[in-house]
Protein chains: 2
Amino acid sequence: MSTLIGVLGAGQLGRMLALAGLPMGLGFRFYDTSADATAGQLAPLVVGRFDDADALASFARGVDVVTYDWENVPVTSVRVVARHARALPSARALAAAQDRLTEKRLLARVGMRVAPHAAIDSAAQLLAAADQIGLPGILKTRRLGYDGKGQVVIRRTAELVPALASLGGRGLIYEGLVPFEREVSLVAARSRRGETRFYPLTENRHRAGILRESRAPLQSPPLQRAAERQVGRLLEELRYVGVLCVEFFVHDGRLVANEFAPRVHNSGHWTIEGAHTSQFENHLRAILGWPLGETRAVGHALMVNCIGSMPRPELTLTLPGLHHHDYHKAPREGRKVGHLNWVADSPVRRESIARKLADYVES
Amino acid sequence: MSTLIGVLGAGQLGRMLALAGLPMGLGFRFYDTSADATAGQLAPLVVGRFDDADALASFARGVDVVTYDWENVPVTSVRVVARHARALPSARALAAAQDRLTEKRLLARVGMRVAPHAAIDSAAQLLAAADQIGLPGILKTRRLGYDGKGQVVIRRTAELVPALASLGGRGLIYEGLVPFEREVSLVAARSRRGETRFYPLTENRHRAGILRESRAPLQSPPLQRAAERQVGRLLEELRYVGVLCVEFFVHDGRLVANEFAPRVHNSGHWTIEGAHTSQFENHLRAILGWPLGETRAVGHALMVNCIGSMPRPELTLTLPGLHHHDYHKAPREGRKVGHLNWVADSPVRRESIARKLADYVES
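Residues numbered from 1 in each chain as written. Chains lettered and ligands numbered in written order. Predicted model: local features only at pLDDT ≥ 70, side-chain atom pairs only at ≥ 80, totals over all residues.

Time to look at the overall build of chain A. When helices and strands are tallied, chain A shows 12 helices and 18 strands. Whereas a compact globule of 363 residues would reach a radius of gyration of roughly 21 Å, chain A reaches 20 Å, a difference of no more than 12%. If you line up chain A on its principal axes, its C-alpha atoms span 60 × 55 × 40 Å. Residue pairs at least 24 apart in sequence account for 62% of intrachain contacts in chain A once pairs closer than 6 positions are excluded. (Helix = DSSP H or I, 4+ residues; strand = E, 2+ residues; numbered from the N terminus. Rg over C-alpha atoms; globule rule 2.2 N^0.38 Å. Contact = placed C-beta atoms within 7 Å.)

Here's what the structure looks like:
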């Protein structure tokens, strides 16, 4: 009777997809390697490895559309589920984002500026790259990095070979370090019918490789136009379906693309209360071929990540406009367990709230 | 580890309570007589009759707070669960709302104007009441009426005795029919700590006894002040904890209280996107003793009920600001199966949308 969405991965992104879709009458089914995965509290969860074709097939049968809460779902797993249900975004889009080298080349091909970079599979290649691109730079694994994991900043030549060894010696990429004034991201949606919408640019602040705070809208019409033009080309190039996020550095007032995620993104969590339609709802609308919802901001939004543990709601909710998002995950150092959203009337008011919230989430 | 909320009744109100509480990290457990009850799709559901003390006890054990999605939960059931978990609002508040006679007396006692009325247990009483109060009037069952069920409008003396027979002859109340310009309601919250908040007055339109459309805020400061003063007294009189809704007629510019519901209410569904904090979130905050959230409207909200069946989201969502709420219930004539929410920039714009939505939900 009702439309059933399958989600590979049952973390907080899957959980928030369900929380956006359940009000619209959608049903959900999750797949994860862990029986404790948080989204499994909201809908049936099939537990299995990502190489278990039988479990994947039984998960996908009867599902209308399969999507992902994790960008590193193996492309082979996507191909298995795609025999039983439509899988969106496509395996091609996932594959492009899973390898930092193909990703950089794709971003450059659609006209984005990217940092100088080189594939690294040996010490000789790394020394040559450092010579050509210069120092400082970052050595990263091409696959499976997240939240600053799988990467090392290199400032001196003597650090090159130890860094190489620490990351396994091969399957790496060396990138010139982009000096930047700020980090921003653009969340965009493209539907099965080709309709495209862009959220306002979001400014992001990281610490120790983990996103800590986002603010939106950035309110720079030239950067907004440039980002929409560039991301629009990426969406068309991939014939992308769903929500996607591109992270940029801003250097000398210009955008330098860093990476993209073929999914809803932490830097778009402010849209839950801060935009007319959340990124989660628009992802679902996009993969179902429904009309996309308005992406305008309703005020000046702030999102603060809760890392390691949640502050007590009795405390945070003393701020009467605060929205307390708890992913219902066990506390653990460095783990994203929730976020706090605030929509202010002005950027100035937002900063006064940001100082208060920083106290609550200090870990 | 996390706070567990038990809900007696697992209909759409329970479902929307869960959808408000799950993002805050709350856990839910439902109790209903039907294994198909819609909220059971989101959280564990204990199936049992409301007079099954063992089932009620096993439902309540381990739960932090029990609340209700149905105002006719028997007070005896509440007493059973209250032995294992805090039950809010209190059995006293439920009892007061379950009998139209005690309800009217309570509303009058706290200073509200109410329609003239009389308890009816015989034809002689009804004839005397009709004589004293006059015609037209409404004969209602004192208990278990909803959505216009269990009541008959009487315009002529000859209709009195047949109406009495059709409603069982006893346990009734006769009320003078209040001529009114409009119907409004006030949703209010009072927390365990005594904190109180009021939503803006909502204007409601019924057809065939069922709420069809709500608009908020009403924007009448005198009526808002009067309603808050009166409902504030009711909250204090009952030492009420949770969200409550009082329905009023407006006659000659003055409020006449009709009834109250000791729970979240259909006329407050616009608050999901139309207020800073929804009635569902504030009910949970209230029963947990958490600070209440802002009740201000963010624009000019419209809520349109979907009765019988849902329009297709592919159609409704072509209106880019529309929010499609589907309770995931089987279609059935006269059944509330969902609602559409819209937040407009102005009352004029709201009316142009209202005309469009009326086409979608025509049944």
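Moving on: the sheet that holds strand β6 (residues 117-120) of chain B. Residues and elements named next belong to chain B. The strand order across the open sheet built from 4 strands is β6-β9-β7-β8, with neighbouring strands paired in antiparallel fashion. The sheet terminates laterally at β6 and β8 (151-154), the two strands that pair on one side only. The sheet shows a mean angle of 20° between the axes of neighbouring strands, direction not considered. Pairing of β6 with strand β9 (residues 172-176), which is carried by 4 bridges, proceeds in the antiparallel orientation. (Pairing = 2+ DSSP bridges. Axes fitted to C-alpha atoms, helices over the stretch in contact; angles between N-to-C directions.)

With domains assigned, chain A is organised as domain 1 (4-87), domain 2 (116-176) and domain 3 (182-361). Look at where the C-alpha atoms of domain 2 of chain A and domain 3 of chain A centre, and you get two points 29 Å apart. (Domains from an automatic or database assignment.)

We now examine the relation of the copies chain B and chain A. Of the two same-sequence chains, chain B is brought onto chain A (RMSD 0.0 Å, axial shift 0.0 Å) by a rotation of 180°. With respect to symmetry, the two chain copies, as superposed, fit the operation of a two-fold axis. Closest to the rotation axis within chain B is the C-alpha of Leu42 of chain B, separated from it by 2.7 Å. Both copies present the same face, since 100% of the interface residues in chain B are matched by interface residues at the equivalent positions in chain A. (Least-squares fit on C-alpha atoms with pLDDT ≥ 70 in both.)

For the rest of this paragraph, the subject is the sheet that holds strand β2 (residues 27-32) of chain A. Residues and elements named next belong to chain A. The parallel open sheet is built from 5 strands, whose spatial order is β3-β2-β1-β4-β5. Of all the strands in the sheet, the pair left with one neighbour each is β3 (45-47) and β5 (86-87). In terms of strand pairing, strand β4 (residues 65-68) meets β5 through 2 bridges, oriented parallel. Looking at β5, one finds that Val66 is bridged to Ala87.

Moving on to the confidence of the model for chain A. Mean pLDDT over chain A: 95, with 98% of residues reaching 70 or higher. Prediction confidence for the complex, expressed as pTM and ipTM, is 0.94 and 0.92 respectively. (pLDDT = per-residue confidence, 0-100.)

Further remarks concern the packing of helix α1 (residues 12-21) of chain B against helix α10 (residues 279-288) of chain B. When two helices pack together, their arrangement is given by the angle between their axes and by how far apart the axes lie. Residue and element names in this part refer to chain B. At their nearest, the axes of α1 and α10 sit 8 Å apart, and the two run at 75° to each other. It follows from the interaxial angle that α1 and α10 lie roughly perpendicular. Across the interface between the two elements, Met16, Leu17, Ala20 and Gly21 of α1 pack against Phe280, Glu281, His283 and Leu284 of α10. Grouping the amino acids of the contact of α1 with α10 by side-chain chemistry returns 5 nonpolar, 2 polar and 1 charged. (Parallel < 35°, antiparallel > 145°, perpendicular 65-115°, else oblique. Nonpolar A, V, L, I, M, F, W, Y, C, P; charged D, E, K, R; others polar.)

Moving on, we get to the interface of chain B and chain A. Listed by partner, the interface residues are 26 residues for chain B and 26 residues for chain A. Only α11 (313-316) and β17 (323-326) of chain B provide two or more residues apiece to the side of chain B that touches chain A. Ranked by residues supplied to the side of chain B that touches chain A, first place goes to β17 of chain B with 3 residues. By residue class, the composition of the side of chain B that touches chain A is 12 nonpolar, 10 polar and 4 charged.

Another aspect to go through is unusual backbone geometry. The omega angle of the peptide bond from Leu88 of chain A to Pro89 of chain A is -5°, so this bond is cis rather than trans. As for its placement among the helices and strands, Pro89 of chain A is situated in the loop between β5 and α4 (91-98). Positioned with a positive phi, Ala208 of chain B is a non-glycine residue whose angle comes to about 50°. Counting through the fold element by element, Ala208 of chain B comes out in the loop between β12 (202-207) and β13 (210-216). Backbone geometry at His328 of chain B places phi at a positive 60°, although glycine is not the residue there. By secondary structure assignment, the location of His328 of chain B is in the loop between β17 and β18 (336-344).

On to the pairing of strand β14 (residues 242-251) of chain B, then. Counting buried residues in β14 of chain B gives 9 out of 10 residues, a clear majority hidden from the surface. What sits between β14 of chain B and strand β15 (residues 254-261) of chain B in their antiparallel hairpin is a turn of 2 residues, with Asp252 of chain B showing a positive phi close to 50°. (Buried ≥ 20, exposed ≤ 12 C-beta atoms within 10 Å, placed from the backbone.)

A separate point is the environment of Phe59 of chain B. Within the fold, Phe59 of chain B resides in helix α2 (residues 53-60). If sequence neighbours within four positions are ignored, Phe59 of chain B has contacts with Gly6, Arg29, Tyr31, Val46 and Val81 of chain B.

Looking along a regular strand, one sees the side chains alternate between the two faces of the sheet. All names here are of chain A. Along β2, 5 of the 6 residues are buried, which leaves the element largely enclosed by surrounding structure. Examined bridge by bridge, strand β1 (residues 4-8) and β2 share 5 bridges and lie parallel to one another. Note that in β2 the partner of Val7 across the bridge is Phe30. Taken together, β1, helix α1 (residues 12-21) and β2 form a β-α-β motif whose crossover is right-handed. By the bridge criterion, 3 bridges tie β2 to β3 in an arrangement that is parallel. Following the sheet pairing, Tyr31 is matched in β3 by Val46. (Right-handed = clockwise from strand over helix to strand, strands pointing away.)

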